[in-house]
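The primary structure of each chain is shown beneath.
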Amino acid sequence: MLAALAACSNALGTVLQRRAALTVPASQTVRVGLILDLLRTPVWLAGILGVTLSAVLQALALAKGSLAVVQPVFILELPLALVIGGAVFHVHRTRKAWISVACIAVGLAVFLFCLAPGGGRERVPGIWWVPTLLVVGGLGVALVLAGARRPLGRLRAACLAAAAALGNALTAALMKSAMGTLTEQGVTAFLRSWQTYSFAIVGGVSLLLLGTAMQAGPLIASQPALTLTDAVAGVLLGVTVYAEQPRTGIWLVAALGGFGLLAYGVFTLSRTRCLADCLQVDEDVFRSAERAAA
């Protein structure tokens, strides 16, 4: 429930920030005046509050539950953005979009019910973080370099979004460790823990990569790469780093079926024009860039 509330809060915050951006003078560059204009916009401040609350709820969810459950729940942010963005921007949501939302909800429920990770450890041995940071960080850097070599379009957006998703999953893993320290040893130990500062840094880099990915190509490329990679990486980190134990056998087969339905819903929803309108993303710009590159 905490993870679902975090996803809802983040979706609300994102939509409100996009709504606020439409009320201030447009700018092609980052300028101090733009930031000051946004700071005077109550809707933008409400959006920041929503994103901040989401981070707090995610931290509480990770302190109470397994990483392999919490991260996949954030997939709900996508259909929630459709619902909230449609109400804020008065966008008509098509039948196809609602069917996609139903596929996401049912697929996620089946996936988590069948996977049902249990057990795990509260504290990760320090030596485990070395290969984790090297592997996840190396994959992230490789994806960023691969995306940077490509022109604006789907491949560039997918690579950058996947890198951002890996960063999100790693941020959650580090946050869970930091929250364990806070719960067991108190605020002083939390502030002295390297994981505390690491998750803040990795999270900031992930936000930067996400913003770049959204500007690099259409939603059909960036959104599935972001959503699905985050979920898969979260489960894998939960199983490997925190030793969480998912169900196996026929349960694993059923979980993969649920994930397939979930992936279908994500891809289908990302293709809809109404989602782009709800997120205020101009897909026509990317189509023109792709035609020019071709």
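Structure: see above.
Quick look at the structure, then. Small disclaimer: the values here were computed from a predicted structure and weren't measured.

1. Comments concerning the packing of aromatic side chains
Alright, step 1. For the structure shown, the criterion picks out four aromatic pairs.
Alright, step 2. With a centroid separation of 5.9 Å and 90° between ring planes, the pair formed by Trp129 and Trp194 is classed as edge-to-face. With Trp129 in helix H7 (residues 126-148) and Trp194 in helix H10 (residues 194-216), this pair connects stretches of sequence that are 65 residues apart.
Alright, step 3. Under the relative-accessibility criterion, Trp194 is labelled partly exposed at 38%.
Alright, step 4. Aromatic ring contacts, followed pair by pair, group Trp129, Trp194 and Tyr242 into a single cluster.
Alright, step 5. The positively charged end of Lys176 is found above the aromatic ring belonging to Tyr242, 5.6 Å away from the centroid.
Alright, step 6. When the ring centre of Phe113 is taken as reference, the NZ or CZ atom of Arg247 above it lies at 5.5 Å.

2. Some points on the packing of helix H6 (residues 95-115) against helix H12 (residues 250-271)
Alright, step 1. For the pair H6 and H12, interaxial distance at closest approach is 7 Å and the crossing angle is 155°. When the axis of H6 is compared with that of H12, the two are roughly antiparallel. In this structure, H6 meets H12 at a crossing whose hand is left-handed.
Alright, step 2. In terms of residue class, the contact of H6 with H12 is built from 21 nonpolar, five polar and one charged.

3. So, a nonpolar patch on the surface
Alright, step 1. Together, Val106, Val110, Leu261 and Tyr264 give the surface a local cluster of nonpolar side chains, amounting to about 330 Å² of exposed area.
Alright, step 2. Listing elements by their share of the nonpolar patch, those giving two or more residues are H6 and H12.

4. Re unusual backbone geometry
Alright, step 1. Its identity is not glycine, yet Ala116 carries a phi of approximately 40°, on the positive side.
Alright, step 2. Of note, the phi angle at Ala243 is positive, near 55°, even though the residue is not glycine.
Alright, step 3. When you line up the elements, Ala243 lands in the loop between helix H11 (219-240) and strand E2 (244-245).
Alright, step 4. When its relative accessible area of 29% is taken as the criterion, Ala243 is described as partly exposed.

5. Here we look at the environment of Val56
Alright, step 1. Structurally, Val56 can be placed in helix H3 (residues 42-64).
Alright, step 2. According to the relative accessible area criterion, Val56 is partly exposed, its value standing at 44%.
Alright, step 3. In the structure, Val56 is positioned 54 residues away from Leu2 in sequence and 9.5 Å away in space, judged by C-alpha atoms.

6. Here's the deal with the environment of Pro131
Alright, step 1. In this structure, Pro131 sits in helix H7.
Alright, step 2. A residue is classified by how much of its surface remains accessible, and Pro131, at 40% relative accessible area, is partly exposed.
Alright, step 3. Through-space distance from the C-alpha of Pro131 to that of Val241 is 9.9 Å; in sequence the pair is 110 residues apart.

7. Details of the side chain of Thr227
Alright, step 1. Mapped onto the secondary structure, Thr227 falls in helix H11.
Alright, step 2. On the accessibility criterion, Thr227 (9% relative accessible area) is buried.
Alright, step 3. In contact with Thr227, not counting residues within four places along its chain, are Ile75, Leu78 and Val266.

8. Concerning the nonpolar core
Alright, step 1. Ranked by internal contacts, the top residues of the largest apolar core, which has 64 residues, are Leu82 and Leu269.
Alright, step 2. With nine residues, helix H8 (residues 154-185) is the single largest residue contributor to this core.
Alright, step 3. Once residues lying within four places of it in the same chain are set aside, the contact partners of Leu82 are Arg93, Ala97, Val101, Leu269, Cys274, Leu275 and Cys278.
Alright, step 4. One finds Leu160, Ala161, Ala216 and Ala225 within the second-largest nonpolar core, a separate group that totals 13 residues.

Conventions we followed
For every chain, the first residue of its written sequence is number 1, and the numbers climb from 1 along that sequence. pLDDT decides what is reported in this predicted model: residues at 70 or higher carry local features, side-chain atom pairs at 80 or more are listed and counted, and totals for whole chains, interfaces and linings draw on all residues regardless. The basis for the side-chain values is all heavy atoms of the structure; hydrogens and waters are excluded. Stacked, edge-to-face and tilted labels apply to pairs of Phe, Tyr and Trp rings (six-membered ring for Trp) whose centres lie within 6.5 Å, assigned for plane angles under 30 degrees, over 60, and everything in between, in that order. Numbering goes from the N terminus for both helices and strands, where a helix is a DSSP run of H or I of at least four residues and a strand is a run of E of at least two. The classification of residues rests on relative accessible area computed with a 1.4 Å probe and restricted to protein chains. Under 20% of the type maximum is buried, over 50% is exposed, and intermediate values are partly exposed. Criterion for a charge above a ring: Arg CZ or Lys NZ at most 6 Å from the ring centre, at most 35 degrees from the ring normal. An axis is simply a line fitted to the C-alpha atoms; with a helix, the fit covers only the stretch in contact. Between two such axes, the angle follows the N-to-C directions and lies from 0 to 180 degrees. Between 65 and 115 degrees an angle is taken as roughly perpendicular, under 35 as roughly parallel, over 145 as roughly antiparallel, and anywhere else as oblique. For a crossing to be left-handed, the near helix must be turned anticlockwise from the far one by less than a right angle; the clockwise case is right-handed. Classes in brief: Ala, Val, Leu, Ile, Met, Phe, Trp, Tyr, Cys and Pro nonpolar; Asp, Glu, Lys and Arg charged; the others, Gly included, polar. Patch membership needs two things, relative accessible area over 30% and no salt bridge, and members are linked within 9 Å if like-charged or within 5 Å if nonpolar (Val, Leu, Ile, Met, Phe, Trp, Tyr). Every accessible area reported is derived by Shrake-Rupley at a probe size of 1.4 Å, with residue values counting cover from the shown protein chains alone. What counts as a salt bridge is simple: a side-chain nitrogen of Lys or Arg found within 4 Å of a carboxyl oxygen of Asp or Glu. Note on contacts: a residue pair qualifies if any of its non-hydrogen atoms lie within 4.5 Å across the two residues. To qualify as a nonpolar core, a set must consist of buried Ala, Val, Leu, Ile, Met, Phe, Trp, Tyr and Cys residues joined through side-chain atoms within 4.5 Å.

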